Amino acid sequence: MRNIAKKLQIRFSDAKFAETKILNRMKSALIFALLFLCGCLTFPATLYADNAPSTQPIKMEKRDKLSNSRPTDAIEELTCEFSGGRLYFEFQNCAESCNVDVTRLDTNEKISLTGNSGSTFTITMGNEPGFYEVTVNTQSGDTYIGYFSLD
């Protein structure tokens, strides 16, 4: 009887050892799968970050108040740049409100915003390819126009 009990105990011990071994392998496989998945999800984001568009400055030309047809060589009072689907505007030494229109010239879609030109302000417009016109009209009557394209 003791002999049978010892055999059963050995078999039970072997089964428990085999179960532990299987569980350890399953844990290892699960950890590997999770790390692989994290790597797959992170790698494309890293590629996109490396190929992310850099800041694109936009030359804003001031239009003369009397003849609205030709730009003037004025001191750069307004800076504008496009980065990551957004336009960033900043006025130098000016604290009045302004209206900004961004028009996609091939489809005539327009985004408008009224902002305070005393500080930096932003327009979110996305990365849709096309040719764009940016028009800024200040409260004092100054008009700035710039053009840029997205590929």
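Residues numbered from 1 in each chain as written. Predicted model: local features only at pLDDT ≥ 70, side-chain atom pairs only at ≥ 80, totals over all residues. Heavy atoms only, no water.

Leu87, Phe89, Val100, Val134, Val136 and Phe148 are the most contacted members of the largest nonpolar core, which totals 20 residues. Elements with a contribution of two residues or more to this core: β4 (78-83), β5 (86-91), β6 (97-104), β8 (121-124), β9 (130-138) and β10 (143-150). Excluding its chain neighbours within four sequence positions, the residues that come into contact with Leu87 are Ile58, Cys80, Glu81, Phe82, Val102, Phe121, Thr122, Ile123, Met125, Val134 and Phe148. (Core = buried A, V, L, I, M, F, W, Y, C linked by side-chain atoms within 4.5 Å. Buried < 20%, exposed > 50% of the residue type's maximum accessible area, 1.4 Å probe, protein only. Helix = DSSP H or I, 4+ residues; strand = E, 2+ residues; numbered from the N terminus. Contact = heavy atoms within 4.5 Å.)

Only one face of β4 is covered, namely the one carrying Leu78, Cys80 and Phe82; the face carrying Thr79, Glu81 and Ser83 has none of its residues buried. In the sheet, strand β1 (residues 56-58) pairs with β4 via three bridges, with the strands oriented antiparallel. Paired with Pro57 across the bridge in β4 is Glu81. Looking at chain direction, β4 and β5 are connected through six bridges and run antiparallel. Bridge pairing links Cys80 to Phe89 in β5. (Pairing = 2+ DSSP bridges.)

Time to look at unusual backbone geometry. For Asn108, which is not glycine, the phi torsion reads 65° and is therefore positive. Within the secondary structure layout, Asn108 lies in the loop between β6 and β7 (109-116). Asn108 gets classed as exposed once you look at its relative accessible area, which sits at 60%.

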